[in-house]
Every structure is written in C-alpha cells, then in structure tokens.
Amino acid sequence: MNTEHTRRSFFVAAMILACVLPFLLSNFRLFQFTQAYIYAIALLGLNLLTGYNGQISLGHGAFFAIGGYVAAILMDRWGVPYALTLPIAAIVCLAAGFLFGLPALRLEGLYLALATFALAIAVPQILKYFERWTGGSQGIVLIKPAAPFGLRLTADQWLYFLTLAILLATFWIGGNLLRGRVGRAIVAIRDNPIAAQAMGINTSVVKAVTFGVSAALTGLAGALSAVVVAYVAPDSYNFLLSIILLIGIVIGGLASISGAIYGAFFIQFVPNFAQDISKAAPWAIFGVFLIVFMIAMPTGIAGAIALIRNRLARRRVPETAPATHRPGMQATP
Amino acid sequence: MDIFIQQVVSGLATGSIYAALALALVMIYEATDVVNFAQGEMAMFATYIAWSLINAGVPYWPAFFGTLAIAFFGGLVVQRVVIRPVANAPILTVVIVTIGLLVIFNSMAGWIFSYVQKPFPSPFPKEPVRLGSVVLGSHDLGQIGVTMLVLSCIWVFFRFTPLGLAMRAAAQNPLSSRLAGIRVGWMLALGWALAAMFGAVAGMMVAPVLFLDPNMMAGVQIYAFAAATLGGFTSPVGAVIGGLVVGVVENLVGTYVSFIGTELKFSVALALIIVVLLVRPSGLFGRATVKRV
Amino acid sequence: MRHVRRFLALAALLAAPVLAQTPGVTPTEIKVGNLNPYSGPASAYGTIGKSIGAYFKMINDQGGINGRKIDYISYDDSYSPPKAVEMARKLVEQDQVALIFQSLGTPSNTAIHKYMNQMKVPQLFVATGASKWNDPKHFPWTMGWQPNYQTEGSIYARHILATVKDPKIGILFQNDDYGKDYLKGFEDGLGDKKSLIVMKQSYEVTDPTVDSQIVNLKNSGANVFFNITTPKFAAQAIKKAHDLGWTPVHYLNNVSNSTASVLKPAGLEASKGLITALYGKEVTDPQWKNDKGYQDWVAWMKKYYPDGSTQDNFNAYGYSVAMTLVQVFKQCGNDLSRENIMRQAANLKNLELPMLLPGIKINTSPDDFAPIEQEQLARFNGEIWEVFGDVVASTH
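Note that the structure is predicted; figures quoted are calculated from it, not measured. (Residues numbered from 1 in each chain as written. Chains lettered and ligands numbered in written order. Predicted model: local features only at pLDDT ≥ 70, side-chain atom pairs only at ≥ 80, totals over all residues.)

## A look at the overall build of chain A
Helix and strand content of chain A: 14 helices and two strands. On C-alpha atoms alone, chain A measures out to a radius of gyration of 20 Å, which is about the 20 Å that the 2.2 N^0.38 rule sets for 333 residues. When the backbone C-alpha atoms are referred to their principal axes, chain A occupies close to 70 × 50 × 45 Å. Burial analysis of chain A (333 residues in total) assigns 54% to the buried set. Nonlocal contacts in chain A, meaning residues at least 24 apart in sequence, comprise 78% of its contacts between residues at least 6 apart. (Helix = DSSP H or I, 4+ residues; strand = E, 2+ residues; numbered from the N terminus. Rg over C-alpha atoms; globule rule 2.2 N^0.38 Å. Buried ≥ 20, exposed ≤ 12 C-beta atoms within 10 Å, placed from the backbone. Contact = placed C-beta atoms within 7 Å.)

Written out as structure tokens, the structure is:
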C-alpha cells in the first residue's frame, strides 16, 4: 500500500518534470531526450519479446529499420503526412514480426538469437539492394515537421511532446496488458512452456503474436526516429543497432517496464559520456561501463532498484509478518 | 567447369577461415555454456601480440607458440576477473559482458596499434599451387590443414580425455559436477583459456590473408557465428563443416545466381542457414536438447 | 554551474540576433567543430580528426592566426547518421562553434546537410569524395575539398578510351556510396561506350576476402580492371589477380594506393603496372624521401602526433586540409563571421600545399565549390608511383 503510493507520486513527479523540460532545455538537449524516448519505445518492444517472453532477439534493429523506411518512403514518395506513417509502420512491422515469429517457433534460445542476428545483418544489404525504393546507400532525406495548428512551439519541442505522448500511450497499454492475463500467459511461456501448454495456453499463437507486437513497437520507434532525425540510410541500421538495443534491455532490466526507460537513457547518454572521458578509445570506456554495470547489477538497473526497495520494505515490516514472496516479474536465470 | 572448381576451392579456403574461428566459439560454448561475442576480437588482439613479437625480432615459430601461451593465460585471466563475477547471472547478462569485452579489445587494439593495416607473415610458401588451371594458395592449403589439426585435437580432447569430459560436465551441470568432485570454477577458466588459444591460432592463420587491422575479425566473426549455427553449436565437426559449407555456397551463389549476384550473397547465405535451422533446429550436427516434462 | 551555463545559453539564444554575427569567435579564440568516426566500423578514419587537432595545436603554438587560437572541438559520430545529427546540433547549438569543418562520411554529411544550410553554419571542406557537395546555388553553406570520386572515375574512363585497344572492362566495387560514386563517374566517363564493361562484381566491407569476385572477373575475359576497393581488399585483389595469372590493365582508386599498406603486402612485383590518380604525395612512396614538404610533415608528426603512423596517408590528408582552413582564416582577417568564412573559402586562388603533388592548385569561386579538381595519373614501376602525362582537370 505504502509502496504503491510512493510509486504513484514518483510517477507524477516524473511526468511534471517531463512536461516542463521542453521550456527549460535547449533544443539540442530536447532532441537528445526525444531520441531517448524513442529508444525506450523500441526497448519496450524488445523487452516484451526477450524479457517477458524469453525469446531472445538479436535482430530488432531490423524492425527499427523497417519502421523507419516505411515511414520515410511513405513521406518521401507519396507525401503521406508523418503522423499517419506511424501507425502504418507499426502495422507493417506487426505483420513482419508475426511472419518471422512463425518459423521462429521452431528455434530455441541460442539458435533463435543467431537466426535473428542473421536478420539484423542482412537488413543493410537488402536496403541497399532495393535502391529504387530505398534510395540505396544514399538514403532518403526527409523534411522535419513543424508544430501543427500554429502552436507556438519549436519543431523540437513539438516532436518531444509527440514522442512523449506516444511513449506514455504505449507504456500504459503495454503495462496493462502485461499485468493482465495476457502478460501472465506470456511470462508463463517463458518460465515453463510445457506447464503453460498444459494449462491450455496456445503457446504457438501467443509466441508468434508476441513477436509481432514486439516488432510493431520497435517499428513504431523506428518510424518516429525517421521523422525526428529527418534522414534514413542503411548505415543507420547496421547490426550494431541490434546489439545496442539488447544492451539497453539488459542494462535497464529484463522483464521490467521501467527498465526500458533506464536502458534507453543509458544507451543514449553513456556513449557520449564515454566520449567525454576519452577521445582516444571511447568505446573501450563504454565497454568498461558495460562490464562494471553488469557485475554490479546483474539484473539491470530496474532489478537493482527492486532489490533495494525490497530490502527497505523488509526493514519496515515487523518481524511477525510473513515474508511476502512477490510473484516476481523479474527474469530468473 | 574450371571456374566452378576454382570457386569451390576459393570457397573452401574462405570457409576454413570461418571454421577456424567457429571452432573457438564452439569450444567455449561446449566448455562454459557461454556464447563469447568477444572471441574474434580476442583472436585479433592475440595476433597483434604475435605481430609485436615478430616485429621485435622474434622468429615466426617461437612468436607463434609464445602467443599461444600468452593467449592461454589471457583467457584464464579474463574468465576469472570478468566472467566469474557474473557466473550466476542470467545468460543475457553474461552476453552483455562479452560484448563489453568485444568493444574493449577492439578499441584498445586501435589505440595501441593504430588502424593502418599491417602485413602478417605466413609460415607457408608463397608460391601458389597449380593443379591444371585451378590455383590454390599455399597458405590457404596450410590453413585448411591447421584447422583440421585443431579440430582433431578438440574432438579427441572432448571425447576421449577425462579432462575434456570433466569440462563438458562442468558446463552442462555445474551442481552435479561439483558433487562428483569436479572443480567447476577452474574447468570454466580452463575452457576460456583453451578457446583463447585456439582463437589465437585462428587469428594468426587468417591474418596473412585478411591483413592485420583492428577490424580484421569483424566480418569473420559474423560468418563464424553463421557457421557454428549451421553446424550446431555443440559440435566441433559441425563448426568446421558449417564454415566450409558457408564459404562454398556463398561463392557459388554469388557466381551462378545472377539476379542475386554479389550484392546479396551474404543475405542468401544467411537465409539458407535459417532454412536449415527450420529443418534441424539444433544445426546439422548439433545435439538436440531433449526436454523432460 | 550547469544551471548558470544553461541560463547563459538561453540568454545567448535570446540575444541571438545581436551575437549571430560572430558565433564561436572572440578576440582570442575561434571555435572549430568537427565530426569524425572515432568508434564503430569506420574508426580507421578517426586518425584524420586527430591529425587535424595536432595541426591546429602546432598553429596555436606558433601564436595562432591574427592573434586568435583555434579551439578545436571534435565529436565521435560512429559513422551513424542519427549520431551525426545529434553531435552536429551539439556543436552548433550548445558549443556555438563558428563552423563545422571536415565532417567525415557521406551518410553523416547527408544527414546534416539540410540542417547546416538552414542554420546558416558553414559545413566546410567535408571529408567525402561524393560529388553533391559542389552545389553553391542550393546549398551555399556546404563545400567539399578532395577531388570527388566521380571525377576520378571519369579520368580513368577517358584514359582507357584513349589508350587501350579493344577494352573489355571488369570492375570490382565496394557496395556503398563510395564504391557506387566511383562507378557512376566511371560509367559517365565512358559515355555511350558503357557496354565495354563486361562484368561488375561488388563486395561488402564485412566480407573477409574478395577472392571469389576476382575469379569471376578473370573468367569474364576482361583485359581492363577498375579496382574500387579500400586498402585491405585492394591488397587482396592485387595479390589474387597475380596468383591467378590475370594481368589486365589495372586501375587502382586513390583511396588505396599506399605503397606500404597495400602494394607491399600484395607484392611489389604483382603491383607493377598499376595505374592510379594522385593529388597528394603518397607518404610511403620513396621518391619523396628528400622532399622538403614531406620532411616537414614527418617532423610535425613526430612532434605533435607521435601516436599517429607516418605510414598512414590519412595523416597527410588531415594535415593538408587543416592547412587549407588556416589559409581561409588568414584571408578572413578580423572578420570571422560565418558569411565571411564562406566567402573566403570560395575565394581561394592557386593555393599550393606542401603535401599536394607539384602542379596541383586549390581554386574556388562563388560558382565553384570544389577546391581540388585536378589529379595526375601515375604508374607504379615496382618501386615508386611515377607520374605521367599532364595534370588533368575534372569535367564535372
């Protein structure tokens, strides 16, 4: 009861801060925050599949790319208004994810990871091949949208609010889903697929649909990214992107909604920070960060926070109360 | 016909490059149940150590074996210092740690040795071997030979030696292994050490062909993963055959399937692997995991 | 402290109309921004950014330009367009640089192209050989520097048409905008004789070798070979062609003509007869050993960039392009507004630099935003790159 209250007030405070930020920060910082929010949406998608459902995907960069290019091609070739490209991109990726999820049913753990990795690597090549549609290596240059309805906002402020709104919407929907029956089915499949099947869950359908929804979310993020950066090119979507997304969910915390946000901020800001420390070998510093984080917080930032909260909660509860074992949504080894 | 044979031969040569690194990957997986994303970079770094030795005047073979020893200890140290703290963490956590290692090794190599590519000597004769109109690089032949040698060593080690058995047990079932008296911690460390050593062999074999630079193994690593996946991560033989198959198929597809040509041949190779996986989900030679209800 | 800075930044933004005249400039300092891939797949190019910094350090040690020292701010964009946009915005909006200089890579520069021109910030002397940076009418704030790839490709094409009897051309190219740009220039240079190309083979940077492609090219019966590869693959291609006994007339693109890094590993014998187009002195070519320009460069490397390799042509490239910017600043005098920086950049006349080939001159004008347009063909004779013929100007 108490924790729920603190949680809610924390959330409200964060919301107020997020809404006030655009009037405090420079346009450039807003741009960075917007990118972080976009990552968060992408990570929510990946976390849904890998953290909650246990299907390891090293290829979500592919869906990010598909979302981005769908949006870019719609805007560039057919002049579709950018707001409309977002749901279209999401639907296209839903289908793509579902189609990929079907054969993926056959593959387990490691092999699934590598098959998805193969997808991620193939994407830039395929994008370059279909030059007539994708602009090949040159990519597609887009126009950055201005604030609509004559609102007195800069483009950056408008895109920030738009992204924030979409972030809140997807997290709210995702959160409700995961806390409900669907979420329990998804997690059950991860933890014990055979028992889940015995309980009457159609594991194949759930797994494939989860793949689809996960792809849709990441694709939506990709489309948003295309709009905000105003440029897509195969180089934006190489296999490093898939690896960075994976880093995001693991560092943020698997099977955790807030983890997606922590992870997003990590992958957006820590590489810049590493660069500030050392120009000679910035990636080495980033690698050290990764290792130190993982050793200190094996269950990610969200996991570490939950651990601390549990310890604090245990101290407050009198000794006669039974230790409440929260059916954890935490990833178990 | 000639070009077909030549492409097959070239494919085998390239494939043996993939196979060499794939062996190290499989080795570590068999021994520690971990997929080491940093395997290629560690191999590259070891090759730079060899290069430094040779540059300092050490003759080739002493430098070669010296590097193997250094790689062995390097692998041990990495496992004890970086991997052991996360031994009980979820598997993805360990994956991220290996990714951290990957970027560290890559970045350090670039910083210490610069990005200018360096030639690396080959212990094999320079003149190519000609069979009719088909040309085989002598180094390529030597490399295939060395890969086969390493493969046999690994295979014999895991199958027929008590130490190899102990390592496999430690990786697959640490709890029971401990009860059986196996020192699991050191088995894992040994696994990393051996894999690092084989990685160094792979690096020194491919460097004469690929030229030594910090990104030398980047492409190879991807192919090595593909090869190990195709062959089955639990089978050293599978890794080698997987590598050779990937190399040959890629070349033939690039040559003969004109609408794909060279621009998509990698994607095609990957697509083929996925198709194989659908038929045999644990790879061609992999051990299918049996799930008991 | 950060709050104060933020407030100042806000105030600065509000005072923009007044200060916009000379952002990034004080009586003692000029802020120069730069984007380079210090990490990621293109990190080999990161040394360019470092060498530029080293050159500016030397200039600063010598007292700066007109009493102003250069504050060089270089960020890593990992060769990723979104990162490039982010870092460019940081340079322009947060660090308030006077200009962005030598941003590297076609994708990164394409990503910030519109932004830079909208914000009216010079995107000067970009480090790419793409041809689209010479468009002063539509993009008056963007200027290239090196001879673009299309120019070079067309030079080779014209040479083939003029000197090779009955050519059958085979091409190996890297499957990205660098490779495709060369290819386009080459095909344009052939004009209506494009059908002389009998085979094109591409490769990806992630491919370990190009042996398979060379086999195919030999088999196509080509007697001319246009080799559009980066150094690692160039060495492989030269070696494999030699091993296969294939001896076409072999044109090697400028990016990969390093004697030490490419020709030696491939085999000096195997490299005999290779033709390339040069605009700079190749740093491992023994013919420059006693050349003053080269010796000055080596001395500078030793003092200001000891970590850098004297075998790396990129370090001579960075040196020369930094020198060009210093010349622009000198011409600006005390008016270092962004408009004047562009004006002076478009006003370089017959500028010769010590590490460029003798006879190559930098020229710009308000209609001509391509500083270096000349190249000279050279043939490798087993020891050095021997130039022949005249300095060729581009027709693009």
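## A few points about helix α3 (residues 60-78) of chain A
All names here are of chain A. For α3, spanning 19 residues, the distance from its first C-alpha to its last is 27 Å, which sits close to the expected 27 Å at 1.5 Å a residue. Across the 19 residues that make up α3, a large majority, 15, are buried. In the segment just after α3, Gly 79 is the residue with positive phi, at about 55°. (Expected span 1.5 Å × (residues − 1).)

## Side note on the packing of α3(A) against helix α5 (residues 109-129) of chain A
Residue and element names in this part refer to chain A. Interhelical geometry of α3 versus α5 gives an angle of 30° and a closest axis separation of 8 Å. One finds that α3 runs roughly parallel with respect to α5. Across the interface between the two elements, Gly 61, Ala 62, Ala 65 and Tyr 69 from α3 touch Leu 119, Ala 120, Val 123 and Leu 127 from α5. Partitioning the contact of α3 with α5 into residue classes produces seven nonpolar, one polar and no charged. (Axes fitted to C-alpha atoms, helices over the stretch in contact; angles between N-to-C directions. Parallel < 35°, antiparallel > 145°, perpendicular 65-115°, else oblique. Nonpolar A, V, L, I, M, F, W, Y, C, P; charged D, E, K, R; others polar.)

## Comments concerning the pairing of strand β7 (residues 197-203) of chain C
Residues in a regular strand point their side chains to alternate faces of the sheet. Residues and elements named next belong to chain C. Within β7, five of the seven residues are buried, leaving the element largely enclosed by the surrounding structure. Pairing between strand β6 (residues 169-174) and β7: six bridges, direction parallel. Opposite Ile 171, over in β7, you have Lys 200 as the bridge partner. The parallel pair β6 and β7 is bridged by helix α7 (residues 177-190), and the resulting crossover is right-handed. (Pairing = 2+ DSSP bridges. Right-handed = clockwise from strand over helix to strand, strands pointing away.)

## Considerations on the confidence of the model for chain A
Looking at chain A as a whole, the pLDDT averages 87, with 94% of positions reaching at least 70. Here residues 321-333 of chain A scores under 50 on pLDDT; set against residues more than four positions off or in separate chains, the count is 15 contacts. (pLDDT = per-residue confidence, 0-100.)

## Digging into the interface of chain C and chain B
Listed per partner, the contact involves 31 residues of chain C and 34 residues of chain B. Of all the secondary structure elements, the ones that give two or more residues to the side of chain C that touches chain B are β7, α8 (211-219), α9 (231-243) and α10 (259-266) of chain C. No other element matches the six residues that α8(C) contributes to the side of chain C that touches chain B. A per-class count over the side of chain C that touches chain B returns nine nonpolar, 15 polar and seven charged.

## With respect to the interface of chain A and chain B
Across the boundary between the two partners, chain A contributes 35 residues, which contact 39 residues of chain B. Looking at the side of chain A that touches chain B, the elements that each hand over two or more residues are α5, α11 (239-252) and α13 (282-296) of chain A. At eleven residues, the largest contribution of residues to the side of chain A that touches chain B is made by α5(A). Along the lines of polarity and charge, the residues of the side of chain A that touches chain B split into 31 nonpolar, two polar and two charged.

## A closer look at unusual backbone geometry
Of note, the phi angle at Ala255(A) is positive, near 50°, even though the residue is not glycine. Tracing the sequence through the fold places Ala255(A) in the loop between α11 and α12 (257-277). Under the C-beta neighbour-count criterion, Ala255(A) is labelled buried, with 28 such atoms within 10 Å. You will see that Tyr79(C), though not glycine, has its phi angle at about 60°, which is positive. Mapped onto the fold, Tyr79(C) is located in the loop between β3 (69-76) and α4 (81-94).

## Things to note about the domain arrangement of chain C
Residues and elements named next belong to chain C. As assigned here, chain C comprises domain 1 (2-147 + 293-365) and domain 2 (149-278 + 376-393). For domain 1 versus domain 2, the distance between C-alpha centres works out to 31 Å. Each side of the interface is counted separately: domain 1 has eleven residues, and domain 2 has 14 residues. Counted by class, the side of domain 1 that touches domain 2 contains five nonpolar, six polar and no charged residues. (Domains from an automatic or database assignment.)

## Details of the nonpolar core
As a rule of thumb, nonpolar side chains are buried together in soluble globular proteins. With 335 residues, the main nonpolar core has Ala118(A), Leu21(B), Ala22(B), Leu23(B), Ala226(B) and Ala227(B) as its most contacted residues. Here this core gets 21 residues from one element, more than from any other, and that element is helix α8 (residues 184-210) of chain B. Composition of this core by domain shows at least three residues from each of domain 1 (2-147 + 293-365) and domain 2 (149-278 + 376-393) of chain C. Sequence-distant contacts of Leu21(B), that is, excluding residues within four places in its chain, are made with Gln39(B), Gly40(B), Ala43(B), Gly199(B), Ala202(B), Met217(B), Val220(B), Gln221(B) and Ala224(B). In terms of nonpolar packing, the next biggest core, distinct from the first, is built from five residues, Val116(B), Ala42(C), Ala44(C) and Tyr79(C) among them. (Core = buried A, V, L, I, M, F, W, Y, C linked by C-beta atoms within 7 Å.)

## Looking at the confidence of the model for chain C
Reading fine detail from the predicted coordinates is not recommended where pLDDT is low. Averaged over all residues, the pLDDT of chain C equals 89, while 94% of them reach at least 70. Contacts from residues 15-20 of chain C, a stretch scored under 50 in pLDDT, to residues over four places away or in other chains number one contact.

## Here we look at the packing of α3(A) against α11(A)
All names here are of chain A. Relative orientation of the contacting elements α3 and α11 amounts to 115°, with a least axis distance of 7 Å. By the criterion of interaxial angle, the relationship of α3 to α11 is roughly perpendicular. Remark: the crossing between α3 and α11 carries right-handed chirality. Judged by residue contacts, His 60, Gly 61 and Phe 64 of α3 engage Phe 239, Leu 241, Ser 242 and Leu 245 from α11. Here the contact of α3 with α11 is built from residues that sort into four nonpolar, three polar and no charged. (Left-handed = near helix turned anticlockwise from the far one by under 90°.)

## Focus on the environment of Pro22(A)
All names here are of chain A. Following the sequence through the fold, Pro 22 ends up in the loop between α1 (2-20) and α2 (27-52). Here Pro 22 falls in the buried class, since 21 other C-beta atoms lie within 10 Å of it. Put simply, Pro 22 and Gln 157 are 135 residues apart on the chain and 5.8 Å apart in space, counted from C-alpha to C-alpha. Once residues lying within four places of it in the same chain are set aside, the contact partners of Pro 22 are Leu 30, Gln 157, Tyr 160 and Phe 161.

## Let's talk about α9(C)
Residue and element names in this part refer to chain C. The first and last C-alpha atoms of α9 sit 18 Å apart over 13 residues, in line with the 18 Å expected at 1.5 Å per residue. Within α9, twelve of the 13 residues are buried, which leaves the element mostly enclosed by the surrounding structure. Burial in α9 covers these residues: Pro 231, Lys 232, Phe 233, Ala 234, Ala 235, Gln 236, Ala 237, Ile 238, Lys 239, Lys 240, Ala 241 and Asp 243. At the exit of α9 stands Gly 245, carrying a positive phi of roughly 75°.

## A word on the environment of Pro366(C)
All names here are of chain C. With respect to the helices and strands, the residue Pro 366 is situated in the loop between α13 (338-345) and β11 (374-380). Looking at Pro 366, the number of C-beta atoms within 10 Å reads 12, which means it is exposed. In this structure, the C-alpha to C-alpha distance between Pro 366 and Asn 340, residues 26 residues apart in sequence, is 12 Å. The residues touching Pro 366, leaving out its near neighbours within four places in the chain, are Pro 136 and Ala 346.

## Section: the environment of Met323(C)
Residues and elements named next belong to chain C. As for its placement among the helices and strands, Met 323 is situated in helix α12 (residues 313-332). Each C-alpha atom, one on Met 323 and one on Tyr 251, is 30 Å from the other, the two residues being 72 residues apart in sequence. When near neighbours in sequence (up to four residues on either side) are disregarded, Met 323 contacts Tyr 55 and Leu 353.

## Overview of the pairing of strand β2 (residues 29-36) of chain C
Residues and elements named next belong to chain C. In terms of burial, β2 is largely enclosed, as six of its eight residues are buried. Relative to β2, strand β1 (residues 25-26) runs antiparallel, the two sharing two bridges. Following the sheet pairing, Val 25 is matched in β2 by Ile 30. Counted between consecutive antiparallel strands, the loop separating β1 from β2 contains two residues. Bridge count for β2 against β3 is eight bridges, and the pairing is parallel. Each residue of the ladder has a partner; that of Leu 35, found in β3, is Tyr 75. Two elements, β2 and strand β4 (residues 99-101), share two bridges in a ladder whose sense is parallel. By the bridge assignment, Gly 33 is partnered in β4 with Ile 100.

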